[in-house]
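Spelled out from the first residue to the last, the chains are:
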Amino acid sequence: MAQLKRVAILGSTGSIGTQALEVIAAHPQLFEVEVLCAHSNSNLLITQAKQFRPNAVVVTDETKYAEVKEALGGLPIKVFAGHTSLADVVAWESVDVVVTAIVGFAGLHSTIAAVRAGKRIALANKETLVVAGDLVARLAMEHKAAIVPVDSEHSAIFQCLVGEKYNAVEKVILTASGGPFLGRKPNYLVNVKASHALQHPNWTMGAKITIDSATLMNKGLEMIEAKWLFGLQNEQIDVVIHPQSIIHSMVQFSDSSVKAQMGLPDMKLPIQYALAFPDRVKNEFKRLDFKEFSKLSFEQPDYKTFRNLALAKDAMYRGGNAPCVLNAANEVVVHAFLQNRVSFIEMSDVIETVATRVAFIEQPGLEDHEQSDKEARIRAAELVKKSQLSH
Ligand code: NAD
Ligand code: MG
């Protein structure tokens, strides 16, 4: 029987975090929660801690520490606050796997700490690889930390590559649902609001990634994520729109053969796969019935309308700190769009302008990334303020 894996879940109160807990609860003989970490949803964090009885809980928003500490008083659970504590806790001997499900740049330090400690990473926090993929990939090699993707497209590619170690990959093809505005043109997008953009046709996810899916920035971030996860050249990464979200991505090999991984859209599958790899674990998930999907279709993405995808691709080709700058500007505009302070179209304008205003660094280290991230956020916030919606 497989050995019990002790899991740290960073971002346990989010969409991926709560689904990871569902997977763990369904397989208590395989997985045990060692650490729970969340930012500000202290109520849910406390409920989760009482149910899963981890060894430690970390609340990164330090203002919530007293409340969490008091609620868990009397239980054998250590309570910590802040990102520095989190970086310590993920490196504990007792942690086998770290699920990185914090959203955004905020997940970078804890992911790096887990990589440096040589942990298995079940990676959901794609922004980490977008910002510092080169660095994280090098550290993972150096510290023998296996990074197993949770993102469904990358899990699909990862699964297609199992058993193909010595075979050359020609390219990977990331599938994209196209989001709620597939087929729409700029004259329509100019008026869309966050409430509309939050209605994703196939997936229920956190707010940030749902907006990224509507702008196609998510697919752009995923191109960069794929580059570092699988050690690819930029030219080897393609995107195709596949509105049914049944094929989760594909790999084309040097003999022209294409492998695809399929399934119903349910993040619990890639989460379970990343936790249990190399094993496949029997579960009760709904099975794919091809009779319900009489048509699987594919089309080219519209790079002209969904400029964020083109901007992300550009940043990938430019390399250096360009993806870090793109990511920071994007985090700022998505936040503003959710608060109706910037329009859908203006999000791309801001990202494009910020890219030209932060100095290019060809080979950035971690401190350069921190600096570029800060600077890009300041520039993006200035531009957001100029939006008519901000007044
Ligand atoms: P979410 O918004 O639902 O949850 C985010 C989690 O991160 C919460 O637990 C929150 O407490 C924590 N968090 C937020 N800000 C933080 C901060 N400053 N410091 C520490 N913790 C913080 O997000 P999600 O949809 O679960 O996405 C999480 C990550 O997984 C993202 O990087 C996303 O791109 C990736 N991802 C998500 C999905 C999905 O289906 N939701 C699919 C693929 C990849
Ligand atoms: Mg994805």
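Residues numbered from 1 in each chain as written. Chains lettered and ligands numbered in written order. Predicted model: local features only at pLDDT ≥ 70, side-chain atom pairs only at ≥ 80, totals over all residues. Heavy atoms only, no water.

Split by domain assignment, the protein chain resolves into domain 1 (5-149), domain 2 (151-265 + 287-309) and domain 3 (319-391). Placing a centre on the C-alpha atoms of domain 1 and another on those of domain 3 gives a separation of 27 Å. On the side of domain 3, nine residues touch domain 1, which itself brings ten residues to the contact. When domain 1 packs against domain 3, close to 830 Å² is buried across both sides, 69% of that on carbon and sulfur atoms. Taken together, the links from domain 1 to domain 3 amount to zero salt bridges. Our count for the contact surface shared by domain 1 and domain 3 stands at three residue pairs in polar contact (both at pLDDT 80 or more). Looking at the side of domain 1 that touches domain 3, the elements with two or more residues in it are α5 (108-116) and α6 (126-142). Among the elements that line the side of domain 1 that touches domain 3, the one with the most residues is α6, at five residues. For the side of domain 1 that touches domain 3, the residue count by class is seven nonpolar, two polar and one charged. (Domains from an automatic or database assignment. Contact = heavy atoms within 4.5 Å. Buried area = accessible area lost by both parts, 1.4 Å probe. Salt bridge = Lys/Arg side-chain N within 4 Å of Asp/Glu carboxyl O. Polar contact = N/O pair within 3.5 Å; in protein donor to acceptor, adjacent residues only side chain to side chain. Helix = DSSP H or I, 4+ residues; strand = E, 2+ residues; numbered from the N terminus. Nonpolar A, V, L, I, M, F, W, Y, C, P; charged D, E, K, R; others polar.)

By the definition in use, this model includes 20 salt bridges. We note a salt bridge from Asp 151 to Lys 126, for which the minimum N-O separation is 2.9 Å. Within this pair, whereas Asp 151 is found in the loop between β7 (147-149) and α7 (152-161), its partner Lys 126 is found in helix α6, the two being separated by 25 residues in sequence. Exposure class is identical for Asp 151 and Lys 126. Each is buried. A salt bridge links Glu 222 to Lys 126, with the nearest nitrogen and oxygen atoms 2.9 Å apart. (Buried < 20%, exposed > 50% of the residue type's maximum accessible area, 1.4 Å probe, protein only.)

Turning next to the packing of aromatic side chains. If you walk through the whole model with that rule in mind, you get seven aromatic pairs. Summarising the aromatic geometry, the rings of Tyr 273 and Phe 277 are spaced 5.8 Å apart at their centres and angled 55° between planes, so their arrangement reads as tilted. Taking the relative accessible area as the measure of exposure, Phe 277 reaches 22% and is therefore partly exposed. Joined through ring pairs, the aromatic side chains of Phe 181, Tyr 188, Phe 337 and Phe 344 make up one cluster. Here the guanidinium or amino end of Arg 184 rests over the ring plane of Tyr 188, the centre of that ring lying 3.8 Å away. (Phe/Tyr/Trp six-rings, centres within 6.5 Å; stacked < 30°, edge-to-face > 60°. Lys NZ or Arg CZ within 6 Å of the ring centre and 35° of its normal.)

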